[in-house]
Amino acid sequence: GSAHARRGQPAKASLAYLRIPINFPDDRRLATEALLAAGSELETINRNNEARGLYREIIVEYADTPVAATAQERFESRPQSNARATTADRETSDK
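In this text the structure is predicted, and so the values were computed from the model without any measurement.

**Student:** Even after reading the chapter, I still don't get the overall build of the protein chain, so can you show me in this structure?
**Tutor:** Assigned secondary structure in the protein chain consists of six helices and zero strands. Along the protein chain, helices and strands appear, N-terminal first, in the series α-α-α-α-α-α. Per-residue burial over the protein chain gives 37% buried out of 95 residues. In the protein chain, the proportion of contacts linking residues at least 24 apart, taken out of those at least 6 apart, comes to 48%.

Below you can see the structure in the form of structure tokens.
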């Protein structure tokens, strides 16, 4: 993921980062850091709803990790775009 990010390829970087939690599900620290990095890359290409969805996943599924606080901050500070709400955003707004 970081190699693609350095080359200015945020879409490819985010996909590479998203493979990490799939391939290493038992390494919660690595998984959360990868999800956070994927969210950051998505933000650079204005895919804020998808980034918010990843931050929400960290908050819900990995609440016990140090990265959860950062994910919460990013989730709250990034506006939901008008284009399309993610499932997590719709569920949150329905409550």
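Okay, back to it.
**Student:** How should I be thinking about the nonpolar core in this particular structure?
**Tutor:** Side chains of a nonpolar character, in soluble globular proteins, are inclined to be buried together. With 19 residues, the main nonpolar core has Tyr17, Leu36, Tyr55, Ile58 and Ala71 as its most contacted residues. Secondary-structure elements contributing two or more residues to this core are helix H2 (10-23), helix H3 (28-44), helix H4 (48-61) and helix H5 (67-77). Here the element with the most residues in this core is H3; it accounts for seven residues. Filtering out sequence-adjacent residues up to four positions away, Ala71 remains in contact with Leu36, Tyr55, Ile58 and Ile59.

**Student:** Got a minute to help me understand unusual backbone geometry in this structure?
**Tutor:** The general pattern is negative phi for most residues beyond glycine and trans for most peptide bonds. For Asn46, which is not glycine, the phi torsion reads 60° and is therefore positive. Structurally, Asn46 can be placed in the loop between H3 and H4.

Calculation criteria
Just so you know, the residues in each chain are numbered from 1, in the order the chain's sequence is written. Local features in this predicted model are restricted to residues of pLDDT 70 or higher, and side-chain atom pairs are both shown and tallied only at a pLDDT of 80 or more, whereas totals for entire chains, interfaces and linings draw on every residue. Side-chain calculation: all heavy atoms of the structure are included, whereas hydrogens and water are not. Going along the chain from the N terminus, every DSSP run of H or I of four or more residues is numbered as a helix, and every run of E of two or more is numbered as a strand. Burial classes: relative accessible area under 20% of the type maximum marks a residue as buried, over 50% as exposed, and values in between as partly exposed (1.4 Å probe, protein chains only). Any pair of residues with heavy atoms lying within 4.5 Å of one another is described as a contacting pair. The criterion is simple. A nonpolar core is a set of buried Ala, Val, Leu, Ile, Met, Phe, Trp, Tyr and Cys residues joined through side-chain atoms within 4.5 Å.

Any functional reading would require information that these geometric values do not contain.
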